[in-house]
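# Topology and contacts: notes
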There are 2 protein chains.
Amino acid sequence: MFEPNTTPAPLITLLLLFTTLAAQAQIIPDDVSANAVALRNLAMRDSIAYELVESLTMEVGPRSAGSAGDAAAVAWAVQVMKGLGLQNVRTEEVRVPHWERGSISAHITAPFPQQLVATSLGGSPATLQEGIHAEVVRVESLNELRALTSDDLGGKIAFVDHIVERAKDGGGYSAASRIRSCGHYAAAERDALAMIIRSAGTSTHRVPHTGSMLSNSIPADIPAAALANADADLLAYQLKTGKPVTVHLKSSPRYLSETTSANVIGEIPGRGELADEVVLLAAHLDSWDLGTGAIDDGAGVAIVTAAAKLILDQGDAPRRTIRVVLFADEEFGLSGAKQYNRNHAEIIEKHVIGLEADFGAGQVWKFSSRVAEDALTIIDEIHALLAPIGIERGNNKASGGADLSPMRKAGMPVFGFTQDGTHYFDYHHTPDDTLDKIDRDELNQNVAAYVTAAFIAANIEQDFGRLTPDTRRDRTCSATDDDWET
Amino acid sequence: MFEPNTTPAPLITLLLLFTTLAAQAQIIPDDVSANAVALRNLAMRDSIAYELVESLTMEVGPRSAGSAGDAAAVAWAVQVMKGLGLQNVRTEEVRVPHWERGSISAHITAPFPQQLVATSLGGSPATLQEGIHAEVVRVESLNELRALTSDDLGGKIAFVDHIVERAKDGGGYSAASRIRSCGHYAAAERDALAMIIRSAGTSTHRVPHTGSMLSNSIPADIPAAALANADADLLAYQLKTGKPVTVHLKSSPRYLSETTSANVIGEIPGRGELADEVVLLAAHLDSWDLGTGAIDDGAGVAIVTAAAKLILDQGDAPRRTIRVVLFADEEFGLSGAKQYNRNHAEIIEKHVIGLEADFGAGQVWKFSSRVAEDALTIIDEIHALLAPIGIERGNNKASGGADLSPMRKAGMPVFGFTQDGTHYFDYHHTPDDTLDKIDRDELNQNVAAYVTAAFIAANIEQDFGRLTPDTRRDRTCSATDDDWET
């Protein structure tokens, strides 16, 4: 029986009205939402991200800028991207510093002789071959260090004993990393022979925490090293006895000639009129030399590469080009990110959004952004699709991450996926940054978050506006500097 | 008003009857119980045990047999015992082996070159100066190793990849420690050049686990080393690729001449006719060289010394002599315990009970014993005073601990205080065995348990009988050996 007109007219009217209203209120089309949700759900039970970080850590391992591992990582990334089917896979040369850690020994020689577990800070010069043997002066902060004079520190070793508190947002790291980056300036100005610091991390294990020193000279002016937390406890205890404490520090780090590394780039080309616009998925390929770079930043490499792979396998080309960039040398000064920003200066305005993963593989619990105000409705809509995987709505002040900072400062909007960092600083920059610290399910939840947001950004008509260019200078170690990035 | 006879006669009768019955059923006199409870409660809020282990770890630190730290530890213990007011403080010479760790490097050279974090096993010889560079053959157990032949292992490196499972009773350690103790025999018999094992511990950190090899020759026949768990993962991963995996192992441990250390002894002399009987409080003073020996066995030293100090301060001399013995060289073959057993062979029968602390500072959760059957009522009564601090009643099969084993085998009864070992093998025998792993409240609960039991044992009329002498041979590495102590 043919009954084309049996539906009452008033109901049809109502449905049409509803559809129209929905279309007006909703920026993300239903089919894009549906595909994003399908990708999100697929990511939650996928294995590609774990396989990627497993392969990178087990087959390449440590890959600090300029090292043999760095070159191996670039070759690995090219092969992986091509193997996964990304297009326009290419490298982009980046000049990088090449600092080698060498060896280190540190001993308390009085009042109670004991060995200390230490590691040189990135950029530190070597001690003389016979080492530095001097009395230790302890302070708890950069301000306390700056309150001392050459009378206090001349010919001595400055010990900055600042304890990093554990926090979900990793907030305790900021002050500690500033000591690590800048303490040696203040110590050297006051004629100290060396600086040692308590590790800028929360590990209770005998693994010290490295990281780069900011420096105007190469190598930096005085040797600097970090003690494992238990060793800082030991030194602090001996100092509390009131007896003079002397330490013998001997280390052999050195700079080799600046060399060439590369950003590795692969794409899913867009289709149609938005194809020249870019959704930028970013992580960094280098790592510190002590661990195998699993959480920093093998996880990020895996998350963004897996997100691209899922979108590729989903079939339809996105409207915008999705570009994965694995940056060279984040750790020693963002060389790759700065080079990318220079190389692509003319098309940074075509980078409609950047998504960086560089805080491990802990569960994403907050989605924030830094986009134009009138794009916040899109952020709300994306968040609605992320809420089911346990993600709260954040504010519009996301930093976007270190590697994206040159492009963000040039006006590129960014998303921010805040991961649970409760244990991040137990492993970060230490020998303990190894594959076993990554939980597969948490890693997959990260992929789910990134793939959802990236897919939507690449497939909706609207963009996220532009940010006001940020022309503030980079961070420095000036005593009055108040724009240190956190 | 004087009213001596106002209490009704029947009530007096009832009280007398009750007292009589109680006296018959109860071995521990009320005043002894009351004093034991007072000591127990005092121990729970005391600070002496923590101060002792803090001082030992921070001021002496590593103290492996024969080292400078060993001598410093003996001097420390004498000074501490005298300072606390113990009597008859003395040392008893013990000949000890003196093995030095030297340095080690281990690298995978193919298929994916990476450095491995490793440490030599105690007693290992050095590799040749150019190291051992050979293919690796992986097995998961001692039985699998023994199933191989020279055709499989000749000229290669045996890798025994056994994973220790975490357990409250530390039970996973037994099989792993047997591999560490005996694997090299089986590997050498099959012409392997070296043995490497996965650490016999549960740590997920980049800190390998040392421990002694059993050996008929000094040094042992082939070099042996343990990999940190993450490094064993790495080696296992590369082996799973099916490609030949080669490792370059280079190490320089060595034996120096046998030397002299000492057991350190201090007493609270008994009074009256039981004064020649001994309640033995035991721990070991030596430690491995990698950490500062906080949980193994600084905690034990602190627990038994603090227990003695509390009894001393309580005022009245005990009926039996309480003797604290801090044994030399537990780790490298129980040298101190065996020497003590030889030196005091004639009066071991006067040692009515032994209490050893050598499993860290985790909460005691079970009180067991190995005493004559007819003394079990006393154990029940002691347990009743331990139950309020969270301690269950165990069986009568306690081992009593490694250092007490020579005396136990000679017939001395022992108590057993089972500590929570869930995290013990995260730290034990690794660089991570440092003071920060000790919780003050848990340490105090240990002292409370030991002081309660020791005080009662020293002050009751009854003793604990004698054990049937155990004449079984010491553990060996025979393939058919079934009396390996767990």
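For the structure itself, look to the data block above.
What you see is a predicted model, and the numbers here were worked out from it, not measured in a lab. (Residues numbered from 1 in each chain as written. Chains lettered and ligands numbered in written order. Predicted model: local features only at pLDDT ≥ 70, side-chain atom pairs only at ≥ 80, totals over all residues. Heavy atoms only, no water.)

### Brief notes about the overall build of chain A
The test is simple: A run of H or I in DSSP counts as a helix once it spans at least four residues, and a run of E counts as a strand once it spans at least two, with each numbered from the N terminus. Throughout, the radius of gyration refers to the C-alpha atoms, and the reference size of a globule is 2.2 Å times the residue count to the power 0.38. When accessible area is computed with a 1.4 Å probe and restricted to protein chains, residues below 20% of their type maximum are described as buried, those above 50% as exposed, and intermediate ones as partly exposed. To measure how exposed things are, a 1.4 Å probe is used in the Shrake-Rupley method; for residues, cover is taken only from the protein chains shown. The convention is simple: Lys and Arg are positive, Asp and Glu are negative, and His and the chain ends are not counted. Positions of charges follow a simple convention, taking NZ of Lys, CZ of Arg, CG of Asp or CD of Glu.
When you go through chain A residue by residue, the secondary structure sums to 14 helices and 16 strands. In terms of C-alpha radius of gyration, chain A reaches 25 Å, essentially the compact-globule figure of 23 Å for 486 residues. Along the longest, intermediate and shortest principal axes, the C-alpha atoms of chain A span 100 × 40 × 40 Å. Residue burial in chain A is summarised as follows: out of 486 residues, 59% are buried. Entry remark: accessible area of chain A is about 19,100 Å², with carbon and sulfur atoms responsible for 51%. A gap of 3 Å separates the mean positions of the 41 positive and 65 negative side-chain charges of chain A.

### Brief notes about the side chain of Arg-323 of chain B
All names here are of chain B. Rule in force here: Whenever two N or O atoms come within 3.5 Å, that pair is a polar contact, provided that in protein one can donate a hydrogen and the other can accept it, and provided that, for residues adjacent in sequence, both atoms are side-chain atoms. Two residues qualify as a contact provided that any one of their heavy atoms is within 4.5 Å of a heavy atom in the partner residue.
Secondary-structure assignment places Arg-323 in strand β12 (residues 321–327). For Arg-323, the side chain forms a polar contact with the side chain of Tyr-340, separated by 2.7 Å. For Arg-323, the contacting residues outside a window of four places in its chain are Arg-90, Ile-265, Gly-266, Glu-267, Val-278, Val-279, Leu-280, Leu-281, Tyr-340, His-344, Ile-347 and His-351.

### Examining the nonpolar core
Spelled out, the test is: In plain words, nonpolar cores are sets of buried Ala, Val, Leu, Ile, Met, Phe, Trp, Tyr and Cys residues tied together by side-chain atoms within 4.5 Å.
Counting 109 residues, the largest nonpolar core has Leu-235 of chain A together with Leu-326, Leu-355, Ile-382, Phe-415, Phe-417 and Phe-464 of chain B as its most contacted members. Once residues lying within four places of it in the same chain are set aside, the contact partners of Phe-417 of chain B are Leu-355, Val-364, Lys-366, Phe-367, Leu-386, Ala-449, Tyr-450 and Ala-453 of chain B. Core analysis: the next-biggest nonpolar cluster, separate from the first, contains 108 residues, Ile-28, Ile-353 and Tyr-450 of chain A together with Ala-134 of chain B among them.

### Description of the state of the cysteines
Residue and element names in this part refer to chain A. Here is the rule we go by: Here, a disulfide means two cysteine sulfur atoms that sit within 2.5 Å of each other.
With the rule as written, the count across this model stands at 2 disulfides over all chains. The disulfide partner of Cys-182 is Cys-477, and the S-S distance across this bridge is 2.0 Å. Between Cys-182 and Cys-477, the S-S torsion sits near -75°, and that sign places the bridge as left-handed. A residue pair is termed long-range when its members are at least 10 positions apart, and Cys-182 in helix α7 (residues 173–189) and Cys-477 in the segment after α14 (440–459) qualify at 295 residues. The pair formed by Cys-182 and Cys-477 is uniform in burial state, with each residue classed as buried.

### Description of the packing of aromatic side chains
Quick reminder of the rule: Two rings from Phe, Tyr or Trp (for Trp, the six-membered ring) form a pair when their centres sit within 6.5 Å of each other. Planes less than 30 degrees apart are called stacked, planes more than 60 degrees apart edge-to-face, and all others tilted.
Applying the stated criterion across every chain, the model contains 26 aromatic pairs over all chains. Ring geometry for Phe-367 of chain A against Phe-415 of chain A: centres 5.2 Å apart, planes inclined by 70°, an arrangement best described as edge-to-face. Placement of Phe-367 of chain A in strand β14 (residues 364–370) and of Phe-415 of chain A in strand β16 (residues 414–419) is noted, with a sequence separation of 48 residues between them. You can call Phe-367 of chain A buried: its relative accessible area is 0%. For the pair Tyr-255 of chain B and Phe-332 of chain B, a centre-to-centre distance of 6.3 Å together with 90° between the ring planes defines the contact as edge-to-face.

### Looking at the sheet that holds strand β7 (residues 194–198) of chain A
The pairing of strands in a sheet happens through backbone hydrogen bonds and is either parallel or antiparallel. Residue and element names in this part refer to chain A. Put simply, the rule is: At least two DSSP bridges between two strands are needed for those strands to be called paired. Between N-to-C directions, angles span 0 to 180 degrees; the directions come from axes that are lines fitted to C-alpha atoms, helices contributing only their stretch in contact.
Pairing is mixed across the open sheet formed by 8 strands, whose spatial order is β3-β2-β9-β5-β6-β7-β8-β4. Each having just a single partner strand, β3 (114–116) and β4 (118–120) make up the two edges of the open sheet. In this sheet, adjacent strand axes meet at a mean angle of 30° when their direction is disregarded. Where strand β2 (residues 104–110) meets β3, 3 bridges bridge the pair, whose relative direction is antiparallel. Note that in β3 the partner of Ile-108 across the bridge is Gln-114. Contacting β6 (157–160) and β7, α7 runs over the sheet at an angle of about 150° to β7. Strands β2, β3, β5 (132–139), β6, β7, β8 (224–227) and β9 (246–251) of the sheet are contacted by helix α8 (residues 229–240), whose axis makes an angle of about 135° with β3.

### Quick look at the pairing of β9 of chain A
It is a general feature of regular strands that their side chains alternate between the two faces of the sheet. Residue and element names in this part refer to chain A. Here β9 shows one buried face, formed by Val-247, Leu-249 and Ser-251, and one open face, formed by Thr-246, His-248 and Lys-250. Bridge count for β2 against β9 is 6 bridges, and the pairing is antiparallel. Bridge assignment links Ala-110 to a residue of β9, and that residue is Thr-246. Where β5 and β9 come together, 4 bridges link them in antiparallel fashion. Residue pairing for β9: Ile-132 is matched across the bridge by Leu-249.

### A short note on the pattern of salt bridges
Two side chains bearing opposite charge may form a pair once their charged atoms approach each other closely. All names here are of chain B. The condition that has to hold: In the sections that follow, a salt bridge refers to a side-chain nitrogen of Lys or Arg positioned within 4 Å of a carboxyl oxygen of Asp or Glu.
Considering all chains together, one arrives at 38 salt bridges over all chains under this definition. With a closest N to O distance of 2.7 Å, Asp-231 and Arg-206 form a salt bridge. Of the two residues, Asp-231 sits in helix α8 (residues 229–240) while Arg-206 sits in the loop between β7 (194–198) and β8 (224–227), which places them 25 residues apart along the sequence. For the pair shown, Asp-231 and Arg-206 are each scored as buried. Its salt-bridge partner being Glu-277, residue Arg-320 comes within 2.6 Å of it at the nearest N-O pair. Taken together, the positions of Arg-320 in the loop between α9 (294–313) and β12 and Glu-277 in the loop between β10 (254–268) and β11 (278–284) put the pair 43 residues apart, joining distant regions of the chain.

### Examining the side chain of Arg-408 of chain B
All names here are of chain B. With respect to the element layout, Arg-408 can be found in helix α12 (residues 405–409). The class for Arg-408 is buried, based on a relative accessible area of 6%. Polar side-chain contacts of Arg-408 include one of 2.6 Å to the backbone oxygen of Ser-399.

### Some thoughts on unusual backbone geometry
Cis geometry is found at the peptide bond from Ala-110 of chain A to Pro-111 of chain A, where omega equals 5°. Locating Pro-111 of chain A in the fold gives a position in the loop between β2 and β3. That bond from Asp-296 of chain A to Asp-297 of chain A is cis: its omega, 10°, falls within 30 degrees of zero. Take Asp-297 of chain A: it is sitting in helix α9 (residues 294–313). Positive phi, normally seen in glycine, also occurs at Leu-334 of chain B, with a value near 60°.

### Side note on the interface of chain A and chain B
Basically, it comes down to this: Summed over both partners, the accessible surface that disappears when two parts come together, traced with a 1.4 Å probe, is what is meant by buried area.
Every contact between the two is made by 29 residues of chain A and, on the other side, 29 residues of chain B. When chain A packs against chain B, close to 2,200 Å² is buried across both sides, 54% of that on carbon and sulfur atoms. When the buried surface of chain A facing chain B is broken down by residue, Met-58, Arg-206 and Tyr-237 of chain A rank first, second and third, together holding 30% of it. In this assembly, chain A and chain B are joined by 0 salt bridges. The interface formed by chain A and chain B holds 19 residue pairs in polar contact (both at pLDDT 80 or more) in total. Breaking the side of chain A that touches chain B down by element, the ones donating at least two residues are α3 (48–60) and α8 of chain A. Here the side of chain A that touches chain B takes 6 residues from α3 of chain A, the largest share from any one element.

### Let's talk about the packing of α8 of chain A against helix α3 (residues 48–60) of chain B
Heads up, the rule is: For classification, angles of less than 35 degrees are called roughly parallel, those exceeding 145 degrees roughly antiparallel, those between 65 and 115 degrees roughly perpendicular, and all remaining angles oblique. Under this grouping Gly is polar, as are all residues other than the nonpolar Ala, Val, Leu, Ile, Met, Phe, Trp, Tyr, Cys and Pro and the charged Asp, Glu, Lys and Arg.
The interhelical angle for the contact between α8 of chain A and α3 of chain B, taken along N-to-C directions, is 100°, at an axis separation of 10 Å. In terms of axis orientation, α8 of chain A runs roughly perpendicular to α3 of chain B. Judged by residue contacts, Asp-233, Leu-234, Tyr-237 and Gln-238 of chain A of α8 of chain A engage Glu-54, Ser-55, Thr-57, Met-58 and Glu-59 of chain B from α3 of chain B. For the contact of α8 of chain A with α3 of chain B, the class distribution of residues is 3 nonpolar, 3 polar and 3 charged.

### Re the environment of Asn-446 of chain B
Residues and elements named next belong to chain B. Looking at the element boundaries, Asn-446 is found in helix α14 (residues 440–459). Taking the C-alpha atoms as reference, Asn-446 lies 26 Å from Glu-373; in sequence the two are 73 residues apart. Other than its neighbours up to four places away in sequence, Asn-446 contacts Ile-303, Ala-361, Gly-362, Gln-363, Val-364 and Gln-419.

### Considering the relation of the copies chain A and chain B
Going by this rule: Overlaid copies result from least-squares superposition on C-alpha atoms, with residues included only where pLDDT is at least 70 in both.
Superposing chain A onto chain B takes a rotation of 180° combined with a translation of 0.0 Å along the rotation axis, leaving an RMSD of 0.0 Å. Given the turn and translation reported, the copies of this chain are related as if by a two-fold rotation axis. Residue His-205 of chain A, judged by its C-alpha, is the member of chain A lying nearest the rotation axis, at 3.6 Å.

### Some words on helix α2 (residues 30–44) of chain B
All names here are of chain B. Our working definition: Here the expected span of a helix is defined as 1.5 Å times the quantity of residues minus one. Along the arc lie the directions from the helix axis toward the C-beta atoms.
Its 15 residues place the ends of α2 21 Å apart at the C-alpha level, agreeing with the 21 Å of an ideal helix rising 1.5 Å per residue. Residues of α2 that are buried: Val-32, Ser-33, Ala-36, Leu-39, Arg-40 and Ala-43. Buried residues in α2, looked at end-on, bunch into an arc of 125°, giving them a common side. Along α2, the residues that are exposed and aim more than 90 degrees away from the buried face are Asp-30 and Asp-31. On its buried face, α2 sits against α9, α11 (376–386) and α14.

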